[in-house]
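Residue-level structural notes
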Amino acid sequence: MCIGIGCSAGGLEPVCEIFQHLREKTGAAFVVIPHLSAEYPSRFGHILQRFTDMPVHRVTDTVIMQPNNVYVLVEGKMMIVEDHVLRVRKRYSREIINKSIDIFFKSMARCYDENAVGVILSGMGTDGIEGIKAIEDRHGLVLVQDPESTDFNILPQTAIIRDDPHAVLPPPEIAKFLQRYLKTDKRMI
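Now for a quick tour of the structure. (Residues numbered from 1 in each chain as written. Predicted model: local features only at pLDDT ≥ 70, side-chain atom pairs only at ≥ 80, totals over all residues. Heavy atoms only, no water.)

**Side note on the packing of helix α3 (residues 100-112) against helix α4 (residues 129-137)**
Relative orientation of the contacting elements α3 and α4 amounts to 10°, with a least axis distance of 7 Å. Taken together, the axes of α3 and α4 are roughly parallel relative to one another. Across from D102, F105, K106, M108 and A109 in α3, the residues of α4 making contact are I129, E130, G131, I132, A134 and I135. Of the residues assigned to the contact of α3 with α4, the class counts are seven nonpolar, one polar and three charged. (Axes fitted to C-alpha atoms, helices over the stretch in contact; angles between N-to-C directions. Helix = DSSP H or I, 4+ residues; strand = E, 2+ residues; numbered from the N terminus. Parallel < 35°, antiparallel > 145°, perpendicular 65-115°, else oblique. Contact = heavy atoms within 4.5 Å. Nonpolar A, V, L, I, M, F, W, Y, C, P; charged D, E, K, R; others polar.)

**A closer look at empty space enclosed by the protein**
A full pass over the atoms with the stated rule returns one cavity of 30 Å³ or more. In this structure, the largest cavity spans a volume of roughly 70 Å³. If you go around the largest cavity, you meet twelve residues; those closest to its centre are L36, V74, G76, K77 and N98. Residue classes in the lining of the largest cavity are distributed as five nonpolar, four polar and three charged. (1 Å grid on protein atoms, 1.4 Å probe; cavity = no way out; pocket = protein on both sides within 12 Å on 5 of 7 lines; lining within 4 Å. Points joined across faces, edges and corners; volume = space filled by probe spheres on them.)

**With respect to the side chain of Q179**
Tracing the sequence through the fold places Q179 in helix α6 (residues 171-183). Its relative accessible area of 13% is what places Q179 among the buried residues. Here Q179 is in contact with H21, L22, R23 and E24, once residues within four sequence places are set aside. (Buried < 20%, exposed > 50% of the residue type's maximum accessible area, 1.4 Å probe, protein only.)

**So, a nonpolar patch on the surface**
On the surface, a cluster of nonpolar side chains totalling about 240 Å² of accessible area is made up of M124, F152 and I154. Residue F152 is classed as partly exposed on the basis of its relative accessible area of 36%. (Patch = residues over 30% accessible without salt bridge, like charges linked within 9 Å, V, L, I, M, F, W, Y side chains within 5 Å. Areas by Shrake-Rupley, 256 points an atom, 1.4 Å probe, with all protein chains shown as cover. Salt bridge = Lys/Arg side-chain N within 4 Å of Asp/Glu carboxyl O.)

**Describing the environment of T126**
Structurally, the position occupied by T126 is in the loop between β8 (116-120) and α4. Using a relative accessible area of 34% as the deciding quantity, one classes T126 as partly exposed. Separated by 13 residues in sequence, T126 and H139 place their C-alpha atoms 21 Å apart. Setting aside chain neighbours within four positions, we find T126 in contact with K99, D102, L155, T158 and R162.

**A look at the sheet that holds strand β3 (residues 56-59)**
A sheet is described by the order of its strands in space; here seven strands give the open sequence β3-β5-β2-β1-β8-β9-β10, paired in parallel fashion. The open sheet has two edge strands, β3 and β10 (167-169), and neither has a second partner. Each adjacent strand pair in this sheet contributes to an overall mean axis angle of 20°, direction not counted. Lying on the sheet, helix α5 (residues 154-162) is in contact with β8, β9 (141-145) and β10; it crosses β9 at an angle near 140°. (Pairing = 2+ DSSP bridges.)

**Comments concerning α5**
Burial in α5 covers these residues: L155, P156, T158 and A159. On an axial view of α5, the arc spanned by its buried residues comes to 160°, and they lie on one face. The inward-facing, buried residues of α5 contact β8, α4 and β9. (Arc of directions from axis to C-beta.)

**Observations regarding the pattern of salt bridges**
The final tally for this structure, using the stated rule, is eight salt bridges. Here E75 ties to R58 by a salt bridge, and the two come within 3.3 Å at their closest N and O atoms. Pair noted here: E75 is in the loop between β5 (70-73) and β6 (77-82) and R58 is in strand β3, with a separation of 17 residues, a long-range link. Residue classification places E75 among the buried residues on the basis of a relative accessible area of 16%.

If you want it as structure tokens, here you go:
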């Protein structure tokens, strides 16, 4: 089971809230895809580690995913998953519009099919919308942060309008939903 969490502007706080409320081991691997500046080192992973007992890894090279671990995309990179292995590459200068969430979510859908979970949090723009469609096309689960609980609601609102997410919840409720979902046979939706 792979849970991808995509966020843009205002995304650090809801990501931390989710992990703060995930208290039980879930058996899932978590991959966080934040929009980051390509030029400046990010402390996203270091900050996130304060909110979870799971190991948090800044993904700078190829890594085999393990359950109950958190993997965070680093600045200046793009990431996919193939055969349960995270692979990164440089973000090219021609990639002016950041599509890192779509790229990862589409690869996660191909790799995990119905065992893919996509979470869209606070942000601007539309990155992630194509990715959640790919997840749903393969019968995975899509959760979206309640726009009322965001600092930047364009991305969650767009996800709700263009897709039919399984649930729209504030971050603490996303964590509770995931814990219930991962304890069942995953077909509770």
